[in-house]
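Chain residues, written in single-letter form:
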Amino acid sequence: MKLIILTAFLLLASPVSAAEDSERAPYVTQEDFLFSGDKHKEARTWARCAALYETISDLNRVWEKPALAKQFSNFGNGAKLAVGMTFVVSNLGTSPKEFSQSRFKATWRYAQVAMDEMPSVELTGINANMESAKINGDLKKEVQAIIAGVTVCAKHLESQQAYIDNWRELATSGLLTLPKQ
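Definitions and cut-offs
Residues numbered from 1 in each chain as written. Predicted model: local features only at pLDDT ≥ 70, side-chain atom pairs only at ≥ 80, totals over all residues. Heavy atoms only, no water. Helix = DSSP H or I, 4+ residues; strand = E, 2+ residues; numbered from the N terminus. Expected span 1.5 Å × (residues − 1). Bend = angle between axes of the 7 residues up to and from the residue. Phe/Tyr/Trp six-rings, centres within 6.5 Å; stacked < 30°, edge-to-face > 60°. Lys NZ or Arg CZ within 6 Å of the ring centre and 35° of its normal. Axes fitted to C-alpha atoms, helices over the stretch in contact; angles between N-to-C directions. Parallel < 35°, antiparallel > 145°, perpendicular 65-115°, else oblique. Left-handed = near helix turned anticlockwise from the far one by under 90°. Contact = heavy atoms within 4.5 Å. Nonpolar A, V, L, I, M, F, W, Y, C, P; charged D, E, K, R; others polar. Salt bridge = Lys/Arg side-chain N within 4 Å of Asp/Glu carboxyl O. Buried < 20%, exposed > 50% of the residue type's maximum accessible area, 1.4 Å probe, protein only. Core = buried A, V, L, I, M, F, W, Y, C linked by side-chain atoms within 4.5 Å. Disulfide = S-S within 2.5 Å. pLDDT = per-residue confidence, 0-100.

Draft legend 1. Fine view of helix 4 (residues 101-136). Over its 36 residues, helix 4 extends 52 Å from the first C-alpha to the last, a length consistent with the 52 Å expected when each residue adds 1.5 Å. Considering bend angle alone, the principal kink of helix 4 is centred on A114 and spans about 30 degrees. After helix 4 finishes, the residue G137 shows a positive phi value of roughly 75 degrees.

Here's what the structure looks like:
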């Protein structure tokens, strides 16, 4: 219910109406969340969600909606963590013969890079599309595609939260090395 209210508020509160037909496909569709065990596809989908959340957070700052901006920024941080945890969780599923502490550490190091780099690549693409849309006069359709993608990503916040919870469990177990503050 909270998700429905959040999505409805986002769509109604934005200066761009999502009710109009758009020729621009959303950045993320429900089909993108059918991973079929492909950790790379899953990580790319979470990375796209992280970039979309960051974009909608920035738009909400422009629209002078700081609380929504902060909330979407938090969702983006969670999606970034889901990127990394996609690789970590797939490593945990290996057979005991294949699992080793060194392999796990290597996976975690890779996951930390992926959490930053994969969403950054997606964000660059979104920003480039926004710039092109401004030039071509299609900014409204581009924002509609972003809102549509965010709406799909938000439908998967429970899955994202499961990755966050898994990360917390691994972090408190001592398996993960956390950055020093």
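Draft legend 2. View of the packing of aromatic side chains. Summed over all chains, the structure comprises 7 aromatic pairs. Linked through ring pairs, F33, F35, W46 and Y163 together constitute an aromatic cluster. The ring of Y27 has R24 lying over it, and the distance from NZ or CZ to the ring centre is 4.4 Å.

Draft legend 3. Region of interest: the packing of helix 3 (residues 66-92) against helix 4. Contact geometry for helix 3 and helix 4: axes closest at 8 Å, N-to-C directions at 155 degrees. Judged on the interaxial angle alone, helix 4 and helix 3 are roughly antiparallel. Once helix 3 is placed against helix 4, the crossing between them reads as right-handed. Each of K80, L81, V83, G84, M85, F87, V88, N91 and L92 in helix 3 lies in contact with helix 4, whose residues at this interface are R103, F104, T107, W108, Y110, A111, A114, M115, M118 and P119. Along the lines of polarity and charge, the residues of the contact of helix 3 with helix 4 split into 14 nonpolar, 3 polar and 2 charged.

Draft legend 4. Inspection of the pattern of salt bridges at higher detail. Within this structure, the stated rule accounts for 4 salt bridges. Across the pair E142 and R24 runs a salt bridge, and its minimum N-O distance is 3.0 Å. Residue E142 is located in helix 5 (residues 139-154), and its partner R24 is located in the loop between helix 1 (2-13) and helix 2 (39-62); the two are separated by 118 residues in the primary sequence. A relative accessible area of 6% means that E142 is categorised as buried. Residue D165 is joined to R168 by a salt bridge in which the shortest nitrogen-to-oxygen separation is 3.4 Å.

Draft legend 5. Quick peek at the nonpolar core. With 46 residues, the main nonpolar core has V28, L52, Y53, I56 and I146 as its most contacted residues. Of all the elements in the fold, those that place two or more residues in this core are helix 2, helix 3, helix 4, helix 5 and helix 6 (157-173). Discounting residues that sit within four places of it in the chain, L52 has contacts with Y27, V28, I126, I146, G149, V150 and C153.

Draft legend 6. Highlighting the state of the cysteines. Summed over the entire model, instances satisfying the criterion amount to 1 disulfide. Residue pairing for C49: its cysteine sulfur links by disulfide to C153, the two sulfurs lying 2.0 Å apart. Taking the sign of the S-S torsion, about -85 degrees here, the bridge from C49 to C153 comes out left-handed. Note that C49 is positioned in helix 2 and C153 in helix 5, a separation of 104 residues in sequence. In this pair, the class of C49 matches that of C153, namely buried.

Draft legend 7. Region of interest: the confidence of the model for the protein. In the predicted model, the protein carries a mean pLDDT of 86, and the fraction of residues at 70 or more is 81%. Of all helices and strands in the protein, the one with the weakest mean pLDDT is helix 1 (44), whereas helix 2 scores best (97). Counting interchain partners and residues more than four positions distant, the pLDDT-below-50 stretch residues 1-22 has 33 contacts.

Draft legend 8. Highlighting the packing of helix 2 against helix 3. Two elements in contact, helix 2 and helix 3, have axes separated by 8 Å at closest approach and are oriented at 170 degrees. Accordingly, the angle class assigned to the pair helix 2 and helix 3 is roughly antiparallel. Of the residues contributing to the contact of helix 2 with helix 3, the split by class is 15 nonpolar, 7 polar and 5 charged.

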